[in-house]
Amino acid sequence: MRRLIRFAFDDVRPADEEVLTRMGMPGDAPVAPAVRTLLDDALEKIAALAEPRGVFQSISKADYEMVYRGEGRNAAESPLELIAPRAEALALFVGTIGENTGKEIRTLFRKDDPALAMMLDAFASETTNRVAEALSRTFLHELHGQISAAARVLPYSPGYCGWHVTGQRALFAAIHPHDIGVTLQPSCLMTPLKSVSGVLVAGDAAVHRFRPQWAFCDECRERDCGPRMASVRS
Ligand code: SF4
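In this report, we go over the structure that sits alongside the text. In this text, all values refer to a predicted model and were calculated from it rather than measured experimentally.

### Thoughts on the site of the ligand
Contacts to the ligand come from P79, Y160, C161, P212, F216, C217, C220, E222, R223, D224 and C225. Grouping the amino acids of the shell around the ligand by side-chain chemistry returns eight nonpolar, no polar and three charged.

Given below as structure tokens:
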């Protein structure tokens, strides 16, 4: 199964609180009028500029293991080594919001408007994350009737949780996301920059559960594995 999907911006629009949290503001703090204006201006820009789209492609566990191994630079142990073998289905994915928003961010910095540039950058990053979630929902929908009713799909990406960022080379070689306009630079940065890649894992709460107790967790600032596992329970 391979699916290429173009999303409407409203399908992947992040909540204001998520954007403000990415900017470093407490989610429950009152929003100052100047910040509200920046948020509204950034929303107007990204709604006009974003071209959210993505592709996913089913993969067998044996083929996934080859992709995950990549160039042999992953952590000795990682969440995906526990999760993937328990999965009910797997798919590689790449998603993006396109080039235009990134160009506008650079233009705003050049025009000496860093506040709006940073707000738009935060909006763009959160919207890119929502593309991965929208692809997860679509994969789950496509699997309806083939997996357990309790199963949910979560995205896992190279560069996080022990999966080395160089793993993107094997991933891109397997999925070839040229049809959504995403390429991989020698540094393993994606172009457009506001893109996301990884594996979609389908399974119930037990499949996605693990204890974050690896050495690399000590340096993790996001620590978003807890809320992600909780989202599968609810
Ligand atoms: S603590 Fe951070 S690095 Fe460790 S599993 Fe959770 S999200 Fe990944």
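### Overview of the sheet that holds strand β3 (residues 89-96)
Strand order in this open sheet of five strands is β1-β2-β3-β7-β4, and the pairing throughout is antiparallel. Edge strands, defined here as strands with exactly one partner in the open sheet, are β1 (2-6) and β4 (152-156). In this sheet, adjacent strand axes meet at a mean angle of 25° when their direction is disregarded. Where strand β2 (residues 53-58) and β3 come together, six bridges link them in antiparallel fashion. Bridge pairing in β3 links G54 to G95.

### Side note on unusual backbone geometry
Of the consecutive residues T191 and P192, the connecting peptide bond is found in the cis state with omega at -5°. Along the chain, P192 falls in the loop between β6 (190-191) and β7 (195-203). Phi angles above zero are rare outside glycine, and D112 is one such case at about 65°. The phi dihedral of H176 falls on the positive side, at around 50°, and the residue is not glycine. Relative to the helices and strands, H176 is located in the loop between α8 (167-175) and β5 (183-184). Owing to 12 C-beta atoms within 10 Å, H176 belongs among the exposed residues under this scheme.

### Things to note about the nonpolar core
If you look at the biggest cluster of nonpolar residues, it comprises 51 residues, and the most contacted ones within it are L90, A91, L92, L200 and V201. With nine residues, the top contributor of residues to this core is helix α7 (residues 114-142). Not counting residues up to four positions away in its chain, the partners in contact with V201 are I83, A84, A87, L90, V153, L154 and Y156.

### Topic: the pairing of β1
Little of β1 sits inside the fold, with zero of its five residues counted as buried. Bridge count between β1 and β2: five bridges; the pairing is antiparallel. What sits directly across from I5, in β2, is G54.

### Here we look at helix α4 (residues 61-69)
Side chains three or four residues apart in an α-helix point the same way, a direct result of the helix having 3.6 residues per turn. Of all the residues in α4, the buried ones are Y64, V67 and Y68. Along the axis of α4, the buried residues cluster in a sector spanning 95°; they form a single face. In this structure, α4 carries A62, M66 and R69 as exposed residues pointing more than 90 degrees from its buried face. Buried-residue contacts for α4 involve α5 (79-86), β3, α8 and β7. Immediately downstream of α4, the backbone of G70 shows phi near 55°, a positive value.

### Observations regarding α5
Buried within α5 are the following residues: P79, L80 and I83. Relative to the axis of α5, the buried residues are bounded by an arc of 75° and lie together on one face. Among the structural elements, α4, β4, β7 and α9 (205-208) are those in contact with the buried residues of α5.

### A look at the environment of P177
Structurally, the position occupied by P177 is in the loop between α8 and β5. Assessed through the 26 C-beta atoms surrounding it within 10 Å, P177 is described here as buried. Sequence-distant contacts of P177, defined by excluding residues within four places in its chain, comprise V55, V94, F172 and V182.

Cut-offs and rules
For every chain, the first residue of the written sequence is number 1, and numbering continues from 1 along that sequence. pLDDT decides what is reported in this predicted model: residues at 70 or higher carry local features, side-chain atom pairs at 80 or more are listed and counted, and totals for whole chains, interfaces and linings draw on all residues regardless. Each residue gets a C-beta atom placed from its backbone. Should that atom fall within 6 Å of a molecule or strand, the residue is termed near it. Nonpolar residues are Ala, Val, Leu, Ile, Met, Phe, Trp, Tyr, Cys and Pro. Charged residues are Asp, Glu, Lys and Arg, and all others, Gly as well, are polar. Two strands form a pair only when DSSP identifies at least two bridges running between them. Helix and strand assignments follow DSSP, with helices taken as H or I runs no shorter than four residues and strands as E runs no shorter than two, numbered in order from the N terminus. For helices, the fitted line uses only the C-alpha atoms of the stretch in contact; every axis is such a line through C-alpha atoms, and the angle between N-to-C directions lies from 0 to 180 degrees. Residue burial is a threshold on neighbouring C-beta atoms within 10 Å of the residue's own C-beta, all placed from the backbone, with 20 or more meaning buried, 12 or fewer meaning exposed, and counts in between meaning partly exposed. The term nonpolar core refers to a group of buried residues, namely Ala, Val, Leu, Ile, Met, Phe, Trp, Tyr and Cys, whose C-beta atoms join them within 7 Å. Whether two residues are in contact depends on their C-beta atoms, placed from the backbone: they are in contact if these lie within 7 Å. An arc is given here, and it is the one of the directions from the helix axis to the C-beta atoms.

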